[in-house]
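# Remarks on the overall topology
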Amino acid sequence: MGPVNMRLVEQARSIFAELGYTVEGNGPTFRAEREWKAVQVNTVLETGELPSQSGQFHCFVAQPEDADEIENKLNSVDPDYEWAIIVVDGDDYQVERAPPGPRISA
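What counts and how
- Residues numbered from 1 in each chain as written.
- Predicted model: local features only at pLDDT ≥ 70, side-chain atom pairs only at ≥ 80, totals over all residues.
- Heavy atoms only, no water.
- Helix = DSSP H or I, 4+ residues; strand = E, 2+ residues; numbered from the N terminus.
- Buried < 20%, exposed > 50% of the residue type's maximum accessible area, 1.4 Å probe, protein only.
- Areas by Shrake-Rupley, 256 points an atom, 1.4 Å probe, with all protein chains shown as cover.
- Phe/Tyr/Trp six-rings, centres within 6.5 Å; stacked < 30°, edge-to-face > 60°.
- Core = buried A, V, L, I, M, F, W, Y, C linked by side-chain atoms within 4.5 Å.
- Contact = heavy atoms within 4.5 Å.
- Expected span 1.5 Å × (residues − 1).
- Pairing = 2+ DSSP bridges.

### Overview of the overall build of the chain
Scanning the chain from terminus to terminus reveals two helices and six strands. What you see in the chain, going N to C, is helices and strands ordered as α-β-β-β-β-α-β-β. A buried classification covers 36% of the 106 residues belonging to the chain. Of the accessible surface of the chain, which amounts to about 6400 Å², a share of 46% is contributed by carbon and sulfur atoms.

Right under this line is the structure:
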């Protein structure tokens, strides 16, 4: 993954605003909050490292060519937070991977 794509950052901010979230922060990583839910949004993983446990919900916004790499990293690490991936392709977007339902331990 390359340098910060400011168009992707703006698209991510716009997506969350359209969904009714209050967006805080200006960079490629920002916070989106609605009612009781606060989501840490990451538009790039320049360092190749996943965020630590800051927050219960994380959303990774990626271009189509980066989505598989992000999903593979998340699956291999299995972080303690719920995560989703939104893929932005031009002006369109789709949720590529949504958080699973509540974890049930036996």
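### Thoughts on the environment of A67
Turning to its location among the elements, A67 is positioned in helix 2 (residues 64–77). Separated by 30 residues in the primary sequence, A67 and R97 place their C-alpha atoms 9.5 Å from one another.

### Considering the packing of aromatic side chains
Taken as a whole and judged by the stated rule, the model has three aromatic pairs. Ring centres of F16 and Y21 lie 5.3 Å apart, and the angle between their planes is 75 degrees; this geometry places the pair in the edge-to-face category. For the residue pair F16 and Y21, the accessibility class agrees, reading buried in each case. A centroid spacing of 6.1 Å and a plane angle of 65 degrees characterise the contact between W36 and F57, whose relative ring orientation is edge-to-face.

### Structural notes on unusual backbone geometry
Within the chain, E35 stands out as a residue other than glycine whose phi angle is a positive 50 degrees. Within the secondary structure, E35 is located in the loop between strand 2 (29–34) and strand 3 (37–42). Judged by its relative accessible area of 70%, E35 falls in the exposed class. At D78, a residue that is not glycine, the phi angle is positive and equals roughly 50 degrees. Mapped onto the elements, D78 comes out in the loop between helix 2 and strand 5 (82–89).

### Notes on the nonpolar core
Of all hydrophobic cores here, the largest spans 15 residues; its most connected members are F16, V39, V41, C59, V61, I86 and V88. Among the elements of the structure, helix 1 (6–18), strand 2, strand 3, strand 4 (57–62) and strand 5 are those that each provide at least two residues to this core. The biggest single contributor to this core is helix 1, with four residues. Beyond its immediate stretch of four places on either side in the chain, C59 contacts F16, V39, Q40, V41, N42, A84 and I86. Counting residues in each nonpolar core, the second largest holds 10 residues, with F60, Y81, W83 and I85 among its members.

### Brief notes about helix 1
Helix length check: helix 1 (13 residues) gives 18 Å between terminal C-alpha atoms against 18 Å at 1.5 Å per residue, within 8%. All of the buried residues in helix 1 are L8, V9, Q11, A12, R13, I15 and F16. Buried-residue contacts for helix 1 involve strand 1 (22–24), strand 2, strand 3, strand 4, strand 5 and strand 6 (92–97). Directly beyond the C-terminal end of helix 1, a positive phi value near 90 degrees is found at G20.

### With respect to the pairing of strand 2
Relative to strand 2, strand 1 is paired through three bridges, and the arrangement is antiparallel. Bridging from a neighbouring strand, V23 pairs with A32 of strand 2. Connecting the antiparallel pair strand 1 and strand 2 is a turn made up of four residues, with G25 showing a positive phi of about 110 degrees. Two strands pair when backbone bridges link them, and strand 2 and strand 3 are joined in this way by six bridges, in the antiparallel orientation. What sits directly across from R31, in strand 3, is Q40. Between strand 2 and strand 3, which follow one another and run antiparallel, lie two residues, and E35 among them has a positive phi close to 50 degrees.

The analysis is restricted to geometry; functional conclusions fall outside its scope.
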